[in-house]
Amino acid sequence: RLYVDANAANEAVDMYSRLNEWEEAHRVAKSYMEPRQVRLLGLGRAQRLEEDSRFLEAEKMYLAVDEPDLAINMFKKNRDFSAMIRLVEHYRPELLKETHQFLGQQLEAEGDLSGAERHFCEAGEWLSAVNMYRTNEMWPEAMQVAKLHGGADASKRVAYAWALSLGGEAGAKVLAKQNLVEPAIDYAVESGAFDHAFELAHSACVAKLPEIHLKFALYLEDEERYEEAEIEFIKAEKPREAIDMYLHQHNWLRATAVMTQHDPSAAPDVFSAQAKACAENGQMTQAEELYVKAGRPELALKAYKDIGQMAEARRVAQRHLPHLANDEELLSPSSGDLQSKSAYLVTGRKLEQNQDYRGAIELYLSANSSLQGNDLIDVWNAAVLLAENKLPRDQSVQIISDVAKRVLKLGCFDRAIELYTTLGDTESALSCAIQARYWERAAEIAAGSTELASRLDAAKRMALRQAEDADGLMEHGAETAAYDLLAQRREWDKLWHLIAQKSFSDPVKLQEFCKAHIECLIADDEACAALRILSEKPVAPSIVRHIGLYRKLVRKLLGGYVHKENDYNVIADLRATLLEIAQKQDDPILTNPSEESQFSAFGRLVMATHYTSLYLNCLQNGLKDLSLKIAVSILRFSDIIPADKAFYKVGILARDLNETSLAFISLNRYIDIAEAIDDQIDTIDDADLQHTSLPLPTVIPIEHFVADENDREAVRDWVLASCVDNKIDQQLPESAKAANGTLYQALFPTEYPSCLVTGFPVASWDATKVQGGGSCNKLDYNRYVRALKICPWSNDTSVSPTF
């Protein structure tokens, strides 16, 4: 109690620890010490208990400091698997199955098969237990596990595997004993093991042989081994199946051979199938002969009728089906008898001579795809010519329009355009020309009509876009559309070349192209190239509408990994480019860059870049004390610069300069952020920063700034070792007043402007004005100017110290 009252809880903990009164030591530590220190104390005690084989007490201590994994590992090392499983089930249920599997594999390797079976089954991996017993030729045990966990079907599969391993009569006896001969045969067939199926059938179930032969034949047919399949179909007493197989393959010779030797009753089906194939290939004479041979002349009659050869159909009917010879359909004339252009035209001329113009036109229009394309169009043209000369205007227009639609479907654009032009339907004629991409013809049709010319222009542009023809769009005068296409295809060099060549000056489109180019480069991890585009192009994206783009670029350039740290020149170029954009777009950052409370979102990006530039410049010129002050100020921009990088930089530099309290606070915060990145969580405890001016909540980066895990572990070890150092102040000052005059001063809200060198508050009596506006602490300004011979804000090299 006296130690606690004297604010020396550490001494009380040490006292109890020396006396081995660990529970009392843990109670005091938990009440009066930092959680990290409590954890270290508990871990030390647990490890000592483990070394003394006092495992249950060690378990309690591990659990008290929230380290169940260490307790689990302790029981694993000491082979207390039941305790290990108990803890995994309670604290790591998502790993329970994996743990059972691991233990099963370990026990199997050690020869404890019964124990391995128990863990495999607990993991739901009973198949692993079955395979284990099979590997060790313990078949009864394998069958028992399979039946218990997989049911009868699983047990049968194991029995089949057992029989397969024995082979011959011995295997058959095993299956017979289990009453599983027929199921085993079925399983062998389903698995494609036909040799074994035949072997089992010959030994114990002869009645199954035809069925096996049939299934083997079907398998061989699927494998396109047709001659072997034929043999098996015959053995299965299924010759019709072999015949159907060959009919499907159009192997008429083998189908006929099997039919002749094994199933003469299949003759009608064989000859009919062959006849149908001949008819489909236009071999009507052979088809007719085969249909008659099959005793099915009615199918020959139908085949002739289907293709419109009515004369042949009448002949077949008269010869083989006299009762159908007087059928009305066969006797009546129809266009089905017309098989050529000349037949249509001759028949139509006869109708014209009889002045049956409507009948002739209907005949011409009845011509179908049985004629070749040009012949078909010639017959339809006869209908058009006759309609123009012999029918009233309203009727001829309807017929010509119908023919125009028909020839258009056949892709005869020229004729369709002519017909629509004849009708005076310029809109339809133009549509045909556009569809055919006949641009000169389309221009002739649209001549004299503003509406049609506008429609043609839009269609041509659309066609060029669809063809992705940027050069064509340029030639057509559609410059903006061409630029859009090039941007869409990411042909940036060509895009910017044409823009410069044509002196294109639309500010909105230029901003759009610049934004798109930069986004592509950032996505391709080419941030430096994106910066060059931003600095070189005539119009930068609007900082109001596209602040997200600027934030993304700045974060990319300021957030480099340890092994690819951006050098000073790149950051200096970024700073100059952002200031130039701010000047062109009137951002208030240029009015007074020291008034941080008045910064716009873009202004914060500018100042984050400004301080990073100065930090790198001071660091490479040996001004480490100034670099540290700037790094502390950069923490105010840890929503722009990755938070882990910002705190890491402060901590490492502070440690190098023996500012151990600042180093501990910064690196301790860095470790918290790094652990959050590892655990993929979005937030950490910010309670100790609520009274500061740092951006909260802390933005957790997606990936580590310090990529090497060994380097991160070294920082963690230093922080843990520093926890017990009473000389290190482990907390931030409680207020801005308490931080005044310290390195923490830049972390707290203030009414004073910020120094343009260090970012620290500048009282009016310590301030000096710099070129371009803003204030600097006089001492820091003079130190910077003497060393680097340049103004920290305007980069003017003619400046000198102020007094």
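From a predicted model like this one, the values you see are computed outputs, not experimental measurements. (Residues numbered from 1 in each chain as written. Predicted model: local features only at pLDDT ≥ 70, side-chain atom pairs only at ≥ 80, totals over all residues. Heavy atoms only, no water.)

Caption draft 1: Up close: the overall build of the chain. In terms of regular secondary structure, the chain is built from 45 helices and 2 strands. Residues counted as buried form 46% of the 803 residues belonging to the chain. Long-range contacts, defined here as pairs at least 24 residues apart, represent 45% of the contacts in the chain between residues at least 6 apart. Of the roughly 42300 Å² of accessible surface on the chain, a fraction of 47% belongs to carbon and sulfur atoms. (Helix = DSSP H or I, 4+ residues; strand = E, 2+ residues; numbered from the N terminus. Buried < 20%, exposed > 50% of the residue type's maximum accessible area, 1.4 Å probe, protein only. Contact = heavy atoms within 4.5 Å. Areas by Shrake-Rupley, 256 points an atom, 1.4 Å probe, with all protein chains shown as cover.)

Caption draft 2: Inspection of the nonpolar core at higher detail. Among the nonpolar cores identified, the biggest contains 112 residues, and Tyr550, Phe602 and Met607 are the most heavily contacted of them. If you tally residues by element for this core, the top one is helix α42 (residues 660-679), at 11 residues. Apart from the residues within four sequence positions on either side, phenylalanine 602 is in contact with Ile543, Ile547, Tyr550, Leu578, Ile581, Ala582 and Asp587. Among the nonpolar cores identified, the runner-up in size contains 44 residues, and Ile185, Val189, Cys205 and Ala275 belong to it. (Core = buried A, V, L, I, M, F, W, Y, C linked by side-chain atoms within 4.5 Å.)

Caption draft 3: Broad picture of the packing of aromatic side chains. With the rule as written, the count across this model stands at 9 aromatic pairs. Measuring from centroid to centroid gives 6.0 Å for phenylalanine 198 and phenylalanine 216, while their planes differ by 75 degrees, and the two rings are edge-to-face. Of the two residues, phenylalanine 198 is situated in helix α14 (residues 194-204) and phenylalanine 216 in helix α15 (residues 209-222); the sequence distance between them amounts to 18 residues. With a centroid separation of 6.1 Å and 45 degrees between ring planes, the pair formed by tyrosine 611 and phenylalanine 637 is classed as tilted. With tyrosine 611 in helix α39 (residues 601-620) and phenylalanine 637 in the loop between α40 (624-634) and α41 (643-656), the pair connects residues that are 26 residues apart, well separated along the chain. Following the ring pairs from residue to residue traces out a cluster consisting of Phe194, Phe198, Phe216 and Tyr219. Across the ring face of tryptophan 793, the terminal group of arginine 575 is positioned such that the distance to the ring centre comes to 5.3 Å. Here arginine 655 stacks its cationic end above the ring of tryptophan 718, 5.6 Å away from the centre of that ring. (Phe/Tyr/Trp six-rings, centres within 6.5 Å; stacked < 30°, edge-to-face > 60°. Lys NZ or Arg CZ within 6 Å of the ring centre and 35° of its normal.)

Caption draft 4: Here's a closer look at the packing of helix α24 (residues 341-353) against helix α25 (residues 357-365). Interaxial distance between α24 and α25 falls to 8 Å at its minimum, and their mutual angle equals 165 degrees. Considering the angle they form, α24 stands roughly antiparallel to α25. Viewed along their axes, α24 and α25 form a crossing whose handedness is right-handed. Contacts between α24 and α25 involve Tyr344, Leu345, Thr347, Gly348, Arg349, Leu351 and Glu352 from the first element and Tyr357, Gly359, Ala360, Leu363 and Tyr364 from the second. Along the lines of polarity and charge, the residues of the contact of α24 with α25 split into 7 nonpolar, 3 polar and 2 charged. (Axes fitted to C-alpha atoms, helices over the stretch in contact; angles between N-to-C directions. Parallel < 35°, antiparallel > 145°, perpendicular 65-115°, else oblique. Left-handed = near helix turned anticlockwise from the far one by under 90°. Nonpolar A, V, L, I, M, F, W, Y, C, P; charged D, E, K, R; others polar.)

Caption draft 5: Quick peek at the environment of leucine 419. Within the secondary structure layout, leucine 419 lies in helix α28 (residues 413-423). Exposure remark for leucine 419: the relative accessible area of 2% places this residue in the buried category. Taking the C-alpha atoms as reference points, leucine 419 and alanine 429, 10 residues apart in sequence, are found 8.2 Å from one another. Beyond its immediate chain neighbours, meaning those up to four positions away, leucine 419 contacts Val384, Ile400, Val403, Ala404 and Val407.

Caption draft 6: Structural detail: helix α35 (residues 507-523). Here α35 spans 24 Å end to end across 17 residues, near enough to the 24 Å set by a 1.5 Å rise per residue. Backbone geometry just downstream of α35 places aspartate 525 in the positive-phi region, at approximately 60 degrees. (Expected span 1.5 Å × (residues − 1).)

Caption draft 7: Representation of the environment of phenylalanine 599 within the structure. Following the sequence through the fold, phenylalanine 599 ends up in the loop between α38 (568-584) and α39. Ignoring anything within four residues of it in the chain, the contact list for phenylalanine 599 reads Ile589, Asn592, Pro593, Arg604 and Met607.

Caption draft 8: Local environment of a negative patch on the surface. A surface patch of negative charge is lined by Asp678, Asp679, Asp708, Glu709 and Asp711. Listing elements by their share of the negative patch, those giving two or more residues are α42 and α43 (709-722). The topology assignment puts aspartate 679 in helix α42. Overall, aspartate 679 belongs to the exposed group, its relative accessible area being 54%. (Patch = residues over 30% accessible without salt bridge, like charges linked within 9 Å, V, L, I, M, F, W, Y side chains within 5 Å. Salt bridge = Lys/Arg side-chain N within 4 Å of Asp/Glu carboxyl O. Lys, Arg positive; Asp, Glu negative; His and termini not counted. Charge placed at Lys NZ, Arg CZ, Asp CG, Glu CD.)

Caption draft 9: Spatial organisation of the pattern of salt bridges. Counted under the stated rule, the structure contains 29 salt bridges. As a salt-bridge pair, lysine 208 and glutamate 211 come within 3.2 Å of each other at their nearest N and O atoms. Take glutamate 211: its relative accessible area is 33%, and that puts it in the partly exposed class. Put simply, glutamate 211 and lysine 215 hold a salt bridge, and the shortest N to O gap is 3.2 Å.

Caption draft 10: Fine view of the confidence of the model for the chain. For the chain, the average pLDDT comes to 83, and 84% of its residues sit at 70 or higher. Here residues 331-336 scores under 50 on pLDDT; set against residues more than four positions off or in separate chains, the count is 7 contacts. (pLDDT = per-residue confidence, 0-100.)

Caption draft 11: Geometry of the packing of helix α17 (residues 239-248) against helix α19 (residues 267-280). Running from N to C, α17 and α19 point in directions that differ by 5 degrees, and their axes come no closer than 11 Å. Relative to α19, the element α17 lies roughly parallel. Within the contact between the two elements, α17 uses Arg240, Ile243 and Leu247 and α19 uses Asp269, Val270 and Ala273. Of the residues contributing to the contact of α17 with α19, the split by class is 4 nonpolar, no polar and 2 charged.

Caption draft 12: Just unusual backbone geometry, in detail. Residue proline 697 follows leucine 696 across a cis peptide bond; omega there is -5 degrees. The topology assignment puts proline 697 in the loop between α42 and α43. A positive phi angle, near 60 degrees, is found at aspartate 525, a position not held by glycine. With respect to the secondary-structure elements, aspartate 525 resides in the loop between α35 and α36 (527-536). We note that aspartate 586 has phi near 55 degrees; this positive angle belongs to a residue other than glycine. As for its placement among the helices and strands, aspartate 586 is situated in the loop between α38 and α39.

Caption draft 13: Highlighting the side chain of lysine 645. Note on placement: lysine 645 falls in helix α41. For lysine 645, the side chain forms a polar contact with the main-chain oxygen of leucine 558, separated by 2.5 Å. (Polar contact = N/O pair within 3.5 Å; in protein donor to acceptor, adjacent residues only side chain to side chain.)

Caption draft 14: A look at the side chain of threonine 577. In this structure, threonine 577 sits in helix α38. Since its relative accessible area comes to 6%, threonine 577 is described here as buried. Residues within four places of threonine 577 in sequence aside, it is in contact with Leu531, Leu534 and Ser535.

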